[in-house]
Amino acid sequence: MTMQATKMWGEERYWGLGYEWDPQWLLDDEQKDLQTQLIALCQTTLRANAIESDKGFVYPRKNFEALAKLGLLGLIVPKELGGRGQSHLCAAMIVETIARYGCPSTAMCYTMHLGATAAALFRHHTNPALRDILTRIDRDVLIGTLSYSDPETGSHFWYPMSSRAERVDGGWRVNKKASWTTSGGFADWYIIQTTSPDFGGNYSNLSCFLVKKDQVKADPANWDGLGLRGNQSGPISIEGVVLPDTGLVGPVGDGAKSNDEVVDPFFLTCSSACWNGIALATIDIAKNHTTRKTHADVGMRVADYPTIQDYVGEAIIDTNASRSYVYLAAQSLDALTGNCDWDLHADTDYLPRSRMLHWLWQVKFFAAKNVSHVTDKMLHACGGTGYKPGLQIERLLRDGKAGWVMGPTNEVLRQFVGKSALLGFEVLDYWNQSVNQRVLSNELKKMSRDEKMAFANGLLSELQTAAAA
């Protein structure tokens, strides 16, 4: 295996881990060249802006303008539409690189941009409004994002109880409330999810819509967070906005397909790459600090202590295991889709990524768990200096904490995996539609005769009310 050239940081050799610790064999020459250009951009622009974003809660639009000059807003847009036509693997590498060498807030905003771009590409074939955005995405720096959360359902973002849509003359009237929206109030275009106009109480009947910046209400000044402070992931609302026919993304009722086929796969893969990038950034800092810091009393560098070597060794092993998991999943998505060939989705029932979801749940769980552990240990390795803002580990530690709680949270994911493995995928019941007969029967056993009678009368009353309505 030929080793890639020395990793540089400006005019000097990079002070963190070299390419020998990166899985460079996965990348083709075009992707390696893009990675090199991006590392240089991080050194000159993105990393300094990360500090500004963290201190002042500044949205990283300047970083997006720089990324657009490399054609990265259109990374997965087909070449015939003016994009780079790149793969899931390349997308994961780009997000990891931005988070590691540049700005984690930008990496997460970019992850949501890629998710929105994927949702648009999924159904762009007959929609001129989507095609217009996709062809101008880099030239006009058109930042996209996803808005799927709901204040009533927390991290169960697939259950939009506070949102609705209805058919009106010439288009759609949309109402949306979101508790968390990355780039909220700053993105130029949004892919949002609501119940369908004809949902009839069935919350699995979802539709997606394209909304522009001036149709969104947000209050960025109130955004506050432990980390990823540049994200501006605050609440937004869309109040009775009338959209044209082209505002509907895909057919009515396409929301669940869009979730499983593009939104979740891109979010889970790329957000995991972001957590890996943050973990790597702290390892890089720890290497630089511990190999330079000397204890004069014993004449040893911090890196000479076996305990520190153990910390760093375990962090590299665990993080590269997580990276391997992400890149394996990304390669599998590429294999299933002909390297991200969006023409195949002209068939609205072509849904190859959906079969990978239960693997992607595991990828996100592992990466989010790992970043929390690694950032903590690298702070320990750097001692009191790591506790100070100047070394930047404390910022990265705060950024990494978002991984565990970002929906679907790790609690939700491990239950999904355990429950589906033990009982089958059909019992996951995303939209609360299946009755757990075992639980119901067990609860009924506990009731006295009078309690059962009262319960039965309550059910009968509900049926009579429904029949009369």
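Our subject is the structure that appears above.
For clarity, every value in this text was computed on a predicted model and none was experimentally measured.

**Digging into the pattern of salt bridges**
- Under the defined criterion, the tally for this structure stands at 21 salt bridges.
- The residue Arg139 makes a salt bridge to Asp140 at a minimum N-O spacing of 3.9 Å.
- Within the structure, one salt-bridge network assembled from shared partners comprises Lys7, Asp22, Glu96, Arg100, Asp284 and Arg323.

**Let's talk about a nonpolar patch on the surface**
- Residues Val435, Leu440, Phe455 and Leu459 make up a contiguous nonpolar surface patch of roughly 330 Å² in combined accessible area.
- Structurally, Phe455 is set in helix H13 (residues 449-468).

**What to know about the sheet that holds strand S4 (residues 164-168)**
- Reading across the sheet, the four strands line up as S4-S5-S9-S8 and stay open at both edges, with antiparallel pairing between neighbours. Either end of the sheet is taken by a strand with one partner, and the two such strands are S4 and strand S8 (217-218).
- Both S4 and strand S5 (residues 171-178) contribute to a ladder of five bridges, which runs antiparallel. Paired with Glu166 across the bridge in S5 is Arg173.

**What to know about helix H6 (residues 255-292)**
- Under the 1.5 Å per step criterion, the end-to-end length of H6 is 53 Å for 38 residues, consistent within 8% with the ideal 56 Å.
- At Val263, H6 is deflected by roughly 40 degrees, the largest bend along its length, and proline Pro265 occurs up to four residues later in sequence.

**Some points on a negative patch on the surface**
- A cluster of acidic side chains, namely Asp28, Asp29, Glu30 and Asp33, defines a negative patch on the protein surface.
- The topology assignment puts Asp29 in helix H1 (residues 29-56).
- Taking relative accessible area as the criterion, Asp29 reaches 66% and is therefore assigned exposed.

**Topic: the environment of Thr106**
- Note on placement: Thr106 falls in helix H4 (residues 104-122).
- Take Thr106: its relative accessible area is 0%, and that puts it in the buried class.
- In this structure Thr106 touches Pro60, Asn63, Phe64, Leu67 and Ile98, once residues within four positions along its chain are discounted.

**Observations concerning the pairing of S5**
- Of all eight residues in S5, six are buried, a share of seventy percent or more.
- Counting the residues between successive antiparallel strands, the hairpin from S4 to S5 contains two residues, one of them, Gly170, with a positive phi of roughly 80 degrees.
- Relative to strand S9 (residues 236-244), S5 runs antiparallel, the two sharing seven bridges. From the neighbouring strand, Val174 faces S9, where its bridge partner is Val241.

**A look at the packing of aromatic side chains**
- Within the structure shown, the criterion is met by 15 aromatic pairs.
- Note on Tyr14 and Trp15: the rings are 4.8 Å apart at their centroids and 35 degrees apart in plane angle, and the pair reads as tilted.
- Residue class for Tyr14 comes out buried when judged on its relative accessible area of 6%.
- Consider the rings of Tyr14 and Tyr101, whose centres lie 5.3 Å apart with planes at 70 degrees: the pair is edge-to-face. Remark: Tyr101 occurs in helix H3 (residues 88-102) and Tyr14 occurs in the loop between strand S2 (12-13) and H1; sequence separation between them is 87 residues. Here Tyr14 matches Tyr101 in class, with each residue buried.
- Every member of this aromatic cluster is reached through a ring pair, and the members are Trp9, Tyr14, Trp15 and Tyr101.
- Positioned above the aromatic ring of Tyr19 is the side chain of Lys7, whose terminal nitrogen or guanidinium carbon lies 4.9 Å from the ring centre.

So, how was this worked out
- Residues numbered from 1 in each chain as written.
- Predicted model: local features only at pLDDT ≥ 70, side-chain atom pairs only at ≥ 80, totals over all residues.
- Heavy atoms only, no water.
- Salt bridge = Lys/Arg side-chain N within 4 Å of Asp/Glu carboxyl O.
- Patch = residues over 30% accessible without salt bridge, like charges linked within 9 Å, V, L, I, M, F, W, Y side chains within 5 Å.
- Areas by Shrake-Rupley, 256 points an atom, 1.4 Å probe, with all protein chains shown as cover.
- Helix = DSSP H or I, 4+ residues; strand = E, 2+ residues; numbered from the N terminus.
- Pairing = 2+ DSSP bridges.
- Expected span 1.5 Å × (residues − 1).
- Bend = angle between axes of the 7 residues up to and from the residue.
- Lys, Arg positive; Asp, Glu negative; His and termini not counted.
- Charge placed at Lys NZ, Arg CZ, Asp CG, Glu CD.
- Buried < 20%, exposed > 50% of the residue type's maximum accessible area, 1.4 Å probe, protein only.
- Contact = heavy atoms within 4.5 Å.
- Phe/Tyr/Trp six-rings, centres within 6.5 Å; stacked < 30°, edge-to-face > 60°.
- Lys NZ or Arg CZ within 6 Å of the ring centre and 35° of its normal.

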